[in-house]
Amino acid sequence: MPSIKENISLKSLNTFGIGANARYFTEISSENEAQTLIKDDFRNYSKYLVLGGGSNVLFTDDFSGLVIHQGIKGKKIVEEDEERCLIKVGAGEDWPFFVDYCVDRDWGGIENLALIPGQVGASPVQNIGAYGREVKDVIESVEAIELKSGEKKVFSNKECRFGYRDSVFKNELKDRYLITAVNFLFYKNADFHLDYGSIRDTLRQMDIDKITYKTVAEAVKQIRRKKLPDIEETGSAGSFFKNPVVDENFFEKLRNGNSNMPFFKMDSGYKIPAGWLIDQCGWKGYLEGHYGVYPYQALVLVNYGGATGKEIADLAWRIRDDVEKYFGIRLQPEVTVI
Ligand code: EPU
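Our focus in this paragraph is the pairing of strand β12 (residues 177-187). For a regular strand, side chains alternate in direction, first toward one face of the sheet and then toward the other. Along β12, 10 of the 11 residues are buried, which leaves the element largely enclosed by surrounding structure. Relative to β12, strand β10 (residues 139-146) runs antiparallel, the two sharing 7 bridges. Residue Glu-143 lies in a different strand from β12, and its bridge partner there is Ala-181.

We now examine the site of the ligand. Within the structure, the ligand sits among 23 residues, and Tyr-131, Tyr-164, Arg-165, Asn-243 and Asp-279 are positioned closest to it. Between the ligand and Arg-165 there is a distance of 2.7 Å, counted from an oxygen atom to a side-chain nitrogen or oxygen. Within the backbone of Ser-239, a nitrogen or oxygen atom sits 2.8 Å from an oxygen atom of the ligand. Coverage of the ligand by the protein chains reaches 82% of its 820 Å² of free accessible surface. Contributing elements (two or more residues each) for the shell around the ligand: α4 (213-227), β13 (235-239) and α6 (274-280). Domain assignment of the residues forming the shell around the ligand places at least three in each of domain 2 (75-187) and domain 3 (235-337).

This next bit is on the nonpolar core. Counting residues in each nonpolar core, the largest one holds 46 residues, and the members touching the most others are Ile-87, Trp-95, Phe-98, Ile-110, Phe-184 and Phe-186. Put simply, the parts of the chain that give this core at least two residues each are β7 (84-90), α2 (95-104), β10, β12, α3 (199-206) and α4. Of all hydrophobic cores here, the second largest spans 45 residues; its members include Leu-49, Ile-278, Cys-281 and Leu-299.

Okay, a negative patch on the surface next. Taken together, Glu-79, Asp-81, Glu-82, Glu-83 and Glu-140 make up a surface patch of like negative charges. Along the chain, Glu-82 falls in the loop between β6 (75-80) and β7. On the basis of relative accessibility, which here comes to 72%, the residue Glu-82 falls in the exposed class.

With that out of the way, let us pick up the domain arrangement of the protein chain. Taken as a whole, the protein chain is organised into domain 1 (5-70), domain 2 (75-187) and domain 3 (235-337). For domain 1 versus domain 3, the distance between C-alpha centres works out to 29 Å. At the junction of the two partners, domain 1 supplies 11 residues and domain 3 supplies 16 residues. Of the roughly 1,100 Å² buried between domain 1 and domain 3, counting both surfaces, carbon and sulfur atoms make up 55%. Three residues stand out in domain 1 for area buried against domain 3, namely Phe-16, Asn-56 and Leu-58, and they jointly supply 58% of the buried area on that side. Remark: the boundary between domain 1 and domain 3 carries 0 salt bridges. The interface formed by domain 1 and domain 3 holds 6 residue pairs in polar contact (both at pLDDT 80 or more) in total. Looking at the side of domain 1 that touches domain 3 residue by residue, the classes come out as 5 nonpolar, 5 polar and 1 charged.

This part covers the sheet that holds β10. Sheet architecture is open: 5 strands sit in the order β6-β7-β12-β10-β11, paired in antiparallel fashion. The sheet terminates laterally at β6 and β11 (152-156), the two strands that pair on one side only. In this sheet, adjacent strand axes meet at a mean angle of 20° when their direction is disregarded. In this fold helix α1 (residues 31-41) packs onto β10, β11 and β12, with an angle of close to 35° to the strand it touches most, β10.

Take Glu-93: it is sitting in the loop between β7 and α2. Here the side chain of Glu-93 touches Gly-74 through a polar contact of 2.7 Å, landing on its backbone nitrogen. The contact partners of Glu-93, leaving out residues within four places of it in the chain, are Ile-72, Lys-73, Gly-74, Lys-75, Gly-118, Gln-119 and Val-120.

With antiparallel pairing, 3 strands are arranged side by side in an open sheet as β14-β16-β15. Either end of the sheet is taken by a strand with one partner, and the two such strands are β14 (245-246) and β15 (264-266). Note: β14 against strand β16 (residues 269-271), 2 bridges, orientation antiparallel. Note on β16: the bridge partner recorded for Val-246 is Tyr-270.

Parameters at a glance
Residue indices begin from 1 for each chain and proceed along its sequence in written order. Totals for whole chains, interfaces and linings use all residues, but because this is a predicted model, local features are given only for residues with pLDDT of at least 70 and pairs of side-chain atoms are given and counted only at 80 or more. Values reported for side chains reflect all heavy atoms of the structure, with hydrogen atoms and water molecules removed beforehand. For every residue, the accessible area obtained with a 1.4 Å probe (protein chains only) is divided by the maximum for its type, and the residue is called buried under 20%, exposed over 50%, and partly exposed between those limits. Runs of H or I in DSSP of at least four residues are treated as helices and runs of E of at least two as strands, each being numbered from the N terminus. Each pair of strands is called paired provided DSSP finds at least two bridges between the two strands. Any residue with a non-hydrogen atom lying within 4 Å of a molecule or strand is treated as near it. Under this definition, polar contacts are N or O atom pairs within 3.5 Å; protein pairs additionally need one hydrogen-donor-capable and one acceptor-capable atom, and for neighbouring residues in sequence, both atoms have to be side-chain atoms. A 1.4 Å probe and the Shrake-Rupley method give the accessible areas. Residues count as covered only by the protein chains that appear here. An automatic or database domain assignment is the source of the domain bounds shown. Nonpolar cores were defined as sets of buried Ala, Val, Leu, Ile, Met, Phe, Trp, Tyr and Cys residues, with membership established by side-chain atoms within 4.5 Å. Exposure above 30% relative accessible area and no salt bridge define the residues that can form patches, which grow by joining like charges within 9 Å and nonpolar side chains of Val, Leu, Ile, Met, Phe, Trp and Tyr within 5 Å. Any carboxyl oxygen of Asp or Glu within 4 Å of a side-chain nitrogen of Lys or Arg constitutes a salt bridge here. Here Asp and Glu are counted as negative and Lys and Arg as positive; His is not counted, and neither are the chain ends. Charge coordinates come from a single atom per side chain, which is NZ of Lys, CZ of Arg, CG of Asp or CD of Glu. When checking whether two residues touch, look at their non-hydrogen atoms; a contact exists if any pair is within 4.5 Å. Using a 1.4 Å probe, buried area is obtained as the accessible area two parts lose upon being combined, added over both of them. Gly falls in the polar group here, along with every residue not listed as nonpolar (Ala, Val, Leu, Ile, Met, Phe, Trp, Tyr, Cys, Pro) or charged (Asp, Glu, Lys, Arg). Helix axes use the C-alpha atoms of the stretch in contact, all axes being lines fitted to C-alpha atoms, and the angles between their N-to-C directions lie in the range 0 to 180 degrees.

So, in structure tokens, the structure goes:
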């Protein structure tokens, strides 16, 4: 039975480095522990929060309920042949380490998702993505426990209803399941995806003989290090907002006044980079004491040390209002604001 602690600081457990406290705190290290906790203890708490790597949350206050820190580890190859590998990975495994583990074995599919902070269990929740790839493409299924009943359920890829930075776990099933493991299906001769951003140029500069999943991951790491803050040094949660998708009419109107606006054509419309919109409004590099907007990517809000979650949220909402005023687009946060 996992022990329940009281008044625990979450500062080192969220990548924004916000000094919020959890009224109650526990860490689970197995599916059994999670089920025991739910069956025996849950009725004592008014609310709960499952915290993974803390890389996509902003605490604007102390949390008055129970924080369950995800610590389920382990990797198990379920099936493997010359072509593919199905592997079950504990939700508490570190995502960037897991990417390295896969590229070291020459398994393709998540090399473009190198260096994204967080845990494996959080990857399906918001369908993490970068450089033209999304994790949904390699997820076979997601194992989870219903927080109300303690019942286990396996969600097929389809049942996860993945979308751009979206899944059923952010919508209908928000806060209803605790993800315990993710089953990934990797192909050993998967295609490379090199057309997004500067991956190809970076590979060229790296002067390598042969492109492998590992060298692509290395290129992605180099690009990310240039554009995004190192969370060991600077508090942040990556992109604060999602990139908005607008319909064709609206897009044409926007393009008329902004011919240099970058965009991506999608099935559902046109995706406009929120970082560009924020940049155009003059927020890039904005600094207010110890927090602000990252100078190399306007979509990233940063805590240089000592900022409160309320201060950062307030800045985010000011930015959102400004973008709405200038472009008529209301940005949606990608980060979960608590
Ligand atoms: N841009 C600007 N100014 C800025 C930032 C961006 O003009 O301050 C322009 C860039 O020049 C480029 C375009 O906007 O033309 C897109 O920028 P970028 O390639 O940096 O990507 P993004 O759309 O801003 C998304 C993801 C990132 C991911 C990158 C690379 C979202 C919300 N963000 O950012 O994901 O790393 O693509 O694939 O989709 C994250 O989710 O935390 C994250 C970092």
